[in-house]
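As a plain string of letters, each chain reads:
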Amino acid sequence: MDPPTMWRATTVQACGMWPFAAGSGSPMTGVPLGQHLFTGATVCGDPLNWFTRARYISNPSLFMLGMPGLGKSTLVNRMLIGLAATGVVPLVLGDLKPDYADTVRALGGQVISIGRGRGGINVLDPGAMGAAAAKIGGEAGEVLKAEAHGRVLNMVAALITIVRGRPMDDHEQSVLSAVLHHLRERTPQGRSVLLPDVLRVLTEGPPRVRTVTLDRGDDTRYRDAVDPLHRSLLGILDGPLGDTFASETSTRIDPDAPAVCIDISGIGEADTQLTAAAMLAAWSDGLGTVAASHALADAGLAPRRWFFTVLDELWRPLRAASGIVDRIDALTRLNRSLGLGDAKITHTLKDAEALGTDADRAKARGFVERAGMVVCAGLPKTEMEELGKVVGLSRREIDLVSSWSSPPGWGVTGDNEEPPGRGRFLIKVGGRPGIPIKVAITDAERRLHNTNTRWTTNEEAVEQAAARAARQVARTAGDGLPEPPGVPGTRPDGGRWTA
């Protein structure tokens, strides 16, 4: 048949035909996420597939914002499961609740526990990067060693920033770098450098370290230069961070694991400094493993693997100390993001606004601006308007997402009512119109992922308490006659207790 003639007109000129107009379809590349909120069409997507296959985004990263309890980690869990099915390796670097440990176990992955009395991370251990550098050798191996040195230096500087509450001075970083080089050259192969070794070298003051302090042979000048650093390192070992970072790494990340979760849920909620330090150490160790895997693949010594990292509760380390934003930025940039997608999750943009300096606030907002995908769960209208200045949201999108932040209605039947925004998300990519979706989880996902486990009702305990209460009421109504042991519900006069 000949194709019909096509005409184009505005909605004013052809207003009677407008109900029959059709928009573009929903994206179908990537992990199946849910249904379009208005059309019911299936929506698929994730940062890696939208970057590699669909070419929708130029940066394989996702930034997610939303109020607690609306399903942010549930959506990310679905992405983990879908990406793992295609061979991508999920890395959950710092699971606080934990939200992802059961999912990683179900995928056959590795779960590592970090916390006081549970396990620790040696921040001076180059880990997988050091092993890969030794295996590769030559110029490429030396390049990887230099990158591992930079990552270790950045991580120790981050710990000192947390302890002090402010960044390190420039000359202190030079001193610390010289100490690390000195230790690497003199530590026997197979033995890891530890933080107490750094203190020992600072006390001894070898020529290589003294040179960068400009002491000019004056021991007093040397001590004035290194004593603040010395005190901060003592604060890491004996202060609020305890011995979590002072000894050998308890469990190394397995580079061949199908998924990895570093569980830090054993750290107390009020232990903010240790939580932030453990998250940064987990990120450094995990991203170092990614860099090592790519270096081995480039050398033809291992298959190419893609990774998807989850950096949840981003606001925790951001608030730990002024200047920590620079350390997070350096950790996530150091690997050049090759073969690596990431998801950063926080509650609101106000987490960035609460930082101490204008520079820190601007850098934290940059995490959102550089993200390829921005996913919004329910947020208040004022927060959405602020986000609209960064992302570019229409008035209708602002009203839609802010309506999801409302609490559930007053239940008259006693049934549990979900918040209206639970499972609803708006996906924004650049200046394109947002895609509103509704996520319905499966029974398997519901078993694996319950962020309210400590609020789950113990049905057996409730039934027992109800039975005790009923017997108490019956005894009160029965002239005070005691219930005989072993014969619940029977009165001594032959009658029956009623409840």
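Just above, that's the structure.
Throughout what follows, the structure given in this document is the object of discussion. What you see is a predicted model; the values in this text were computed from it and never measured.

**A closer look at the packing of aromatic side chains**
The geometry of an aromatic ring pair is captured by two quantities: the separation of the ring centres and the angle between the planes. Within this structure, the stated rule accounts for 1 aromatic pair. An angle of 85° between the planes, with centres 5.3 Å apart, marks the rings of tryptophan 50 and tyrosine 56 as edge-to-face. By relative accessible area, which is 2% here, tryptophan 50 ends up buried. Tyrosine 56 sits in the partly exposed class, given a relative accessible area of 31%. Across from the ring centre of tyrosine 222, 4.3 Å away, lies the NZ or CZ of arginine 210, which sits over that ring. The positively charged end of lysine 344 is found above the aromatic ring belonging to phenylalanine 367, 5.6 Å away from the centroid.

**Section: unusual backbone geometry**
With an omega of 0°, the peptide bond running from lysine 97 to proline 98 counts as cis. Locating proline 98 in the fold gives a position in the loop between strand 4 (89-95) and helix 3 (101-106). In this structure, arginine 55 is a non-glycine residue whose phi angle is positive, near 60°.

**Section: the side chain of histidine 149**
With respect to the helices and strands, the residue histidine 149 is situated in helix 5 (residues 138-164). Residue class for histidine 149 comes out buried when judged on its relative accessible area of 14%. Histidine 149 has contacts with Ser177, Leu180 and His181, leaving out every residue within four places of it along the chain.

**Overview of the environment of threonine 346**
One can find threonine 346 in strand 8 (residues 340-346). For the pair threonine 346 and methionine 64, spaced 282 residues apart in sequence, the C-alpha separation works out to 6.4 Å. Dropping the residues within four chain positions of it, threonine 346 is found in contact with Phe63, Met64, Leu65, Gly66, Lys72, Leu314, Trp315 and Asp351.

**Remarks on the sheet that holds strand 3 (residues 61-65)**
The strand order across the open sheet formed by 11 strands is 2-1-11-10-9-3-8-7-4-6-5, and the pairing between neighbours is mixed. The sheet is open, and its two edges are formed by strand 2 (42-44) and strand 5 (110-113), each paired on a single side. Between one strand and the next, the sheet's axes are offset by a mean angle of 25°, whatever the strand orientation. In this structure, strand 1 (residues 32-36) lies alongside strand 11 (residues 435-438), joined through 2 bridges in antiparallel fashion. The residue bridging glutamine 35 from the neighbouring strand is lysine 438, located in strand 11.

**Brief notes about the packing of helix 5 against helix 10 (residues 272-298)**
Each pair of packed helices can be described by the angle between their axes along with the distance between the axes. At their nearest, the axes of helix 5 and helix 10 sit 10 Å apart, and the two run at 175° to each other. Here helix 5 is positioned roughly antiparallel relative to helix 10, judged by the angle of their axes. Along its contact with helix 5, which presents Leu144, Glu147, Arg151, Met155, Ala158, Leu159, Ile162 and Val163, the element helix 10 presents Gln273, Ala276, Ala277, Leu280, Ala281, Ser284, Leu287, Gly288, Ala291 and Ala295.

**Details of the pairing of strand 4**
As a general feature of sheets, a regular strand has side chains that alternate between the two faces. Among the 7 residues in strand 4, 7 count as buried, and that is most of the element. The pairing of strand 4 with strand 7 (residues 307-311) spans 4 bridges and is parallel. When the bridges of strand 7 are listed, leucine 91 appears paired with threonine 309. The pairing of strand 4 with strand 6 (residues 260-263) spans 4 bridges and is parallel. Across the sheet, leucine 93 pairs through a bridge with isoleucine 262, a residue of strand 6.

Cut-offs and rules
Residues numbered from 1 in each chain as written. Predicted model: local features only at pLDDT ≥ 70, side-chain atom pairs only at ≥ 80, totals over all residues. Heavy atoms only, no water. Phe/Tyr/Trp six-rings, centres within 6.5 Å; stacked < 30°, edge-to-face > 60°. Buried < 20%, exposed > 50% of the residue type's maximum accessible area, 1.4 Å probe, protein only. Lys NZ or Arg CZ within 6 Å of the ring centre and 35° of its normal. Helix = DSSP H or I, 4+ residues; strand = E, 2+ residues; numbered from the N terminus. Contact = heavy atoms within 4.5 Å. Pairing = 2+ DSSP bridges. Axes fitted to C-alpha atoms, helices over the stretch in contact; angles between N-to-C directions. Parallel < 35°, antiparallel > 145°, perpendicular 65-115°, else oblique.

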